[in-house]
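Breakdown of the fold
So you can see what is in the structure, the chains are spelled out below.
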Amino acid sequence: MLFAGAARPVIIMAGTLEFAKLVSASFLYQYWKKVNLVLKLYLTTAVVILAIITSMGIYGYLSNAYQQTKIAYSISKISADSLSNKKSSYEFQLSTLKSQIDLKNKQLENYNSNIKSSDNVLTTLVSKDKNINSIVKSSSRTQKEISKLNNDIDSLSNKISVIQDSIFSYDVSIKSSSLNASKKSELGPLEYLSNVLNTNMDKVVNWFILLFVIVFDPLAMALLISFNFLS
């Protein structure tokens, strides 16, 4: 991947070196006591260097694969967070509108109470043949205020209905985005593990990759030496 401009020759060279490394490890195991010191040191150094190169290649390949997975995961996460922020904004508007409705309902109760009181006063004045013009005017104004309040409440209720639909739509979108995140990546268990260990997820992934590196190339050579031992 580093030398993509000459991918095929590099693959052949790397494969040859990997084969040479295994042959060298096998040769050193079988003829360790017979080989002179210079050749022994060179072959040992070559095997160690090639093992390091292989391990670096494994580490780079796995870390690159993780980064690609994490990018898809992060994009879905950012999308879900953005939707959550928009949902929160609508929820704040909903709370404000409900507070306004509660206030207007209290005003409406007061006006209705005033209407009842005015009706009682009006009945009393009529029975006593008193002047009722001021009471009628006051009652008329109150009725207009009640009508206006009812219209305001209806308008606010319609707005609340629209906002509730928007909140529901965002809920669906957030769940869909979270589902896409789980489909695009398998980082859920690692995210849970990072939360349990109270550490960054990148560190957890780095530990896993290092475990792969530790067992991959050294194990291959150990198995080769074990095969030589058995034979």
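Definitions and limits used
- Residues numbered from 1 in each chain as written.
- Predicted model: local features only at pLDDT ≥ 70, side-chain atom pairs only at ≥ 80, totals over all residues.
- Heavy atoms only, no water.
- Helix = DSSP H or I, 4+ residues; strand = E, 2+ residues; numbered from the N terminus.
- Contact = heavy atoms within 4.5 Å.
- Areas by Shrake-Rupley, 256 points an atom, 1.4 Å probe, with all protein chains shown as cover.
- Phe/Tyr/Trp six-rings, centres within 6.5 Å; stacked < 30°, edge-to-face > 60°.
- Lys NZ or Arg CZ within 6 Å of the ring centre and 35° of its normal.
- Salt bridge = Lys/Arg side-chain N within 4 Å of Asp/Glu carboxyl O.
- Buried < 20%, exposed > 50% of the residue type's maximum accessible area, 1.4 Å probe, protein only.
- Core = buried A, V, L, I, M, F, W, Y, C linked by side-chain atoms within 4.5 Å.
- Polar contact = N/O pair within 3.5 Å; in protein donor to acceptor, adjacent residues only side chain to side chain.
- Expected span 1.5 Å × (residues − 1).
- pLDDT = per-residue confidence, 0-100.

Considerations on the overall build of the protein chain
The secondary structure content of the protein chain amounts to 5 helices and 0 strands. Shown N-terminal to C-terminal, the secondary structure of the protein chain runs as helices and strands in the order α-α-α-α-α. Contacts spanning at least 24 positions in sequence make up 75% of the contacts within the protein chain whose residues lie at least 6 apart. Working note: accessible area of the protein chain is about 16400 Å², and carbon and sulfur atoms make up 63% of it.

Some thoughts on the packing of aromatic side chains
In this structure the tally under the stated criterion is 1 aromatic pair. The positively charged end of Lys-40 is found above the aromatic ring belonging to Trp-32, 4.5 Å away from the centroid.

Section: the pattern of salt bridges
Two side chains bearing opposite charge may form a pair once their charged atoms approach each other closely. Under the criterion given, the structure shown has 5 salt bridges. In this structure, Asp-171 and Lys-87 form a salt bridge, with 2.6 Å as the shortest nitrogen-oxygen distance. Of the two residues, Asp-171 sits in helix 3 (residues 133-184) while Lys-87 sits in helix 2 (residues 37-127), which places them 84 residues apart along the sequence. The residue Asp-152 makes a salt bridge to Lys-148 at a minimum N-O spacing of 3.2 Å. Within this pair, Asp-152 and its partner Lys-148 are both found in helix 3, separated by 4 residues, close to a single helical turn. Residue classification places Lys-148 among the partly exposed residues on the basis of a relative accessible area of 48%. Within this structure, Lys-87, Glu-91 and Asp-171 form a network of salt bridges that share partners.

Examining the environment of Asn-105
When you line up the elements, Asn-105 lands in helix 2. Along the primary structure Asn-105 and Asn-150 are separated by 45 residues, whereas in three dimensions their C-alpha atoms are 8.6 Å apart.

Considering the nonpolar core
Judged by nonpolar contacts, Ile-58, Tyr-66, Tyr-73, Leu-190, Met-201, Val-204, Val-205, Ile-209 and Val-213 together constitute the single largest core of 9 residues. Breaking this core down by element, the ones donating at least two residues are helix 2 and helix 5 (201-230). Looking at this core, the element that brings in the most residues is helix 5, giving 5 residues. Setting aside residues no more than four positions away along its own chain, Ile-58 makes contact with Val-213 and Phe-216. The next biggest cluster of nonpolar side chains, apart from the first, holds 7 residues, and it includes Leu-97, Ile-101, Ile-160 and Ile-163.

Describing the side chain of Lys-104
Here Lys-104 lies in helix 2. Within polar-contact distance, the side chain of Lys-104 engages the side chain of Asp-152 at 3.5 Å.

Considering helix 1 (residues 7-31)
The end-to-end C-alpha distance of helix 1 is 35 Å, a good match for the 36 Å that 25 residues give at a rise of 1.5 Å each. Of the residues making up helix 1, those classed as buried are Lys-21, Ser-24, Ala-25, Ser-26 and Leu-28.

Remarks on the confidence of the model for the protein chain
Of all residues in the protein chain, 80% attain a pLDDT of 70 or more, and the chain-wide mean is 76. Between the elements of the protein chain, mean pLDDT differs from a low of 72, seen in helix 4 (residues 188-197), to a high of 85, seen in helix 1. The low-confidence segment residues 125-131, where pLDDT is below 50, has 5 contacts with residues more than four positions distant or belonging to other chains.

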